[in-house]
Amino acid sequence: MRRRDFLKLSAAATLGPAVVTQHLSAAEPKSGAKLRKALQLGMLPGNLADAEKFKLAKKCGYEGIEGSPMEDLKAAEELGKKARDAGVPIHSIVYGGWQAPLSDPDPGVIKKGIAGMESALRSAKALGAGAVLLVPALVTETVGYGDAYKRSQENVRKLLPLAKELDVVIAVENVWNKFLLSPLEFARYVDELESPYAKAYFDVGNVIIFGFAQDWIRTLGKRIVKIHLKDFRRKGYQWTNLLEGDVNWPQVRRALDEVGYDGFLTPELQGGDEAYLKDLSSRIDKIVAM
């Protein structure tokens with residue numbers, strides 16, 4: 001082994017097994033990305049009936065829907081069927097976790113958060129969705145980083161048996177919660193959960209103020225189960241429409257091919273009318289064609 005290669009491998013080894021695996025697998029052949037466009041249910045016009053919303057999404061070129069948890073599982077089953085009948089199945093739901101974070105020191109808050117995620121997992125199953133988005137922790141003035149990391153993992157592990165039973169993935173997302181601030185740490189956090197039912201929900205726009213989306217995609221690799229599309233302009237510190245900010249979309253597109261991402265691309269933006277949704281659809285088409 002050449003000295004240069006030895007040093008590269010030694011540096012990777014200091015970061016843990018997950019990163020070593022990522023480093024060594026970089027040369028493995030990739031089959032290319034298989035990308036499908038989706039839309040959040042709340043982005044569709046609120047004055048339409050559900051069935052009409054799904055028809056409009058399909059008409060605008062979308063292939064899936066991202067929904068929200070529903071307590072009425074019968075109603076969730078009916079909504080899921082309407083979406084599938086229209087050709088836009090509900091592929092995931094957004095639980096969040098901001099109101100009852102699994103990193104909180106208060107057992108009562110943890111109990112509420114666990115119950116909320118359990119309900120969301122059952123709702124996802126009824127809707128026909130394969131994943132639930134979770135914000136796993138919040139770092140605050142009173143909750144330190146280390147405690148948030150350890151406590152949230154302990155509580156996510158409590159949810160994994162139900163996730164396996166329902167065949168629904170817990171998809172941890174990178175958000176502005178002062179947590180999981182590097183792709184190496186995000187990858188390690190997911191790996192340490194040691195379950196195929198714990199994956200990464202990667203948000204392209206959320207990393208732009210302190211990183212580069214293509215780097216995160218290449219590091220997270222096959223851990224990514226879902227992707228949110230947003231764009232952000234560093235100068236002026238503002239969100240923009242897709243293709244109008246500082247996301248390097250050609251590099252993002254290349255990275256998706258390199259890791260062989262197979263799944264939905266769901267914009268997380270404001271909603272609008274048919275013209276707006278068609279324009280947004282065409283913007284995603286441009287990204288996919290890069």
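Quick summary incoming for the structure in this document. (Residues numbered from 1 in each chain as written. Predicted model: local features only at pLDDT ≥ 70, side-chain atom pairs only at ≥ 80, totals over all residues. Heavy atoms only, no water.)

**Quick notes on the nonpolar core**
Right, on to step 1. In terms of nonpolar packing, the biggest core is built from 90 residues, with Leu 39, Ile 65, Leu 121, Ile 170, Phe 202, Val 204 and Leu 256 touching the most fellow members.
Right, on to step 2. When residues no more than four places from it in sequence are discounted, the contact partners of Phe 202 are Asn 174, Val 207, Ala 213, Trp 216, Ile 217, Leu 220, Ile 224, Lys 226, Ile 227 and His 228. (Core = buried A, V, L, I, M, F, W, Y, C linked by side-chain atoms within 4.5 Å. Buried < 20%, exposed > 50% of the residue type's maximum accessible area, 1.4 Å probe, protein only. Contact = heavy atoms within 4.5 Å.)

**Details of the environment of Leu 280**
Right, on to step 1. Tracing the sequence through the fold places Leu 280 in helix α10 (residues 274-288).
Right, on to step 2. Judged by its relative accessible area of 0%, Leu 280 is buried.
Right, on to step 3. Measuring from C-alpha to C-alpha, the distance between Leu 280 and Asn 241 comes to 8.3 Å, with 39 residues separating the pair along the chain. (Helix = DSSP H or I, 4+ residues; strand = E, 2+ residues; numbered from the N terminus.)

**Some thoughts on a negative patch on the surface**
Right, on to step 1. Taken together, Glu 71, Asp 72, Glu 77 and Glu 78 make up a surface patch of like negative charges.
Right, on to step 2. Residue class for Glu 77 comes out partly exposed when judged on its relative accessible area of 41%. (Patch = residues over 30% accessible without salt bridge, like charges linked within 9 Å, V, L, I, M, F, W, Y side chains within 5 Å. Areas by Shrake-Rupley, 256 points an atom, 1.4 Å probe, with all protein chains shown as cover. Salt bridge = Lys/Arg side-chain N within 4 Å of Asp/Glu carboxyl O. Lys, Arg positive; Asp, Glu negative; His and termini not counted. Charge placed at Lys NZ, Arg CZ, Asp CG, Glu CD.)

**A look at the sheet that holds strand β10 (residues 262-267)**
Right, on to step 1. With parallel pairing, eight strands are arranged side by side around a closed barrel as β1-β2-β3-β4-β5-β6-β7-β10. Sheet twist, expressed as the average angle between the axes of neighbouring strands with direction ignored, equals 30 degrees.
Right, on to step 2. By the bridge criterion, four bridges tie strand β1 (residues 34-40) to β10 in an arrangement that is parallel. For Lys 34, the partnering residue across the bridge sits in β10 and is Asp 262.
Right, on to step 3. In the packing of helix α7 (residues 183-192) onto the sheet, the strands contacted are β5 (169-173) and β6 (198-203), and the crossing angle to β6 comes to about 155 degrees. (Pairing = 2+ DSSP bridges. Axes fitted to C-alpha atoms, helices over the stretch in contact; angles between N-to-C directions.)

**Quick notes on the pattern of salt bridges**
Right, on to step 1. The final tally for this structure, using the stated rule, is 14 salt bridges.
Right, on to step 2. Two residues, Asp 279 and Arg 283, come together in a salt bridge whose shortest N-O distance is 2.8 Å. Taken together, the residues Asp 279 and Arg 283, both in helix α10 and four residues apart, mark about one turn of the helix.
Right, on to step 3. We classify Asp 279 as partly exposed; its relative accessible area is 31%.
Right, on to step 4. Residue classification places Arg 283 among the buried positions, given a relative accessible area of 15%.

**Details of the side chain of His 91**
Right, on to step 1. Structurally, the position occupied by His 91 is in strand β3 (residues 90-96).
Right, on to step 2. Overall, the relative accessible area of 5% leaves His 91 in the buried class.
Right, on to step 3. A distance of 3.0 Å separates a polar atom in the side chain of His 91 from a polar atom in the side chain of Thr 266. (Polar contact = N/O pair within 3.5 Å; in protein donor to acceptor, adjacent residues only side chain to side chain.)

**Quick notes on helix α6 (residues 145-166)**
Right, on to step 1. Over its 22 residues, α6 runs 31 Å from end to end, which matches the ideal 32 Å to within 8%, given 1.5 Å per residue.
Right, on to step 2. Along α6, the largest kink reaches about 35 degrees and is centred on Leu 159; proline Pro 161 follows within four residues of it.
Right, on to step 3. Within the span of α6, buried status applies to Ala 148, Tyr 149, Ser 152, Gln 153, Asn 155, Val 156, Leu 159, Leu 160, Leu 162, Ala 163 and Leu 166.
Right, on to step 4. Structurally, α6 contributes buried residues whose contacts are with α5 (107-127), β4 (131-134), β5, α7 and β6.
Right, on to step 5. Immediately beyond the C-terminal end of α6, within one or two residues, lies Asp 167, with a positive phi of roughly 60 degrees. (Expected span 1.5 Å × (residues − 1). Bend = angle between axes of the 7 residues up to and from the residue.)

**Some thoughts on unusual backbone geometry**
Right, on to step 1. Unlike most non-glycine residues, Asp 167 shows phi in positive territory, near 60 degrees.
Right, on to step 2. Taking relative accessible area as the criterion, Asp 167 reaches 49% and is therefore assigned partly exposed.
Right, on to step 3. A positive phi angle, near 50 degrees, is found at Glu 194, a position not held by glycine.
Right, on to step 4. With respect to the helices and strands, the residue Glu 194 is situated in the loop between α7 and β6.

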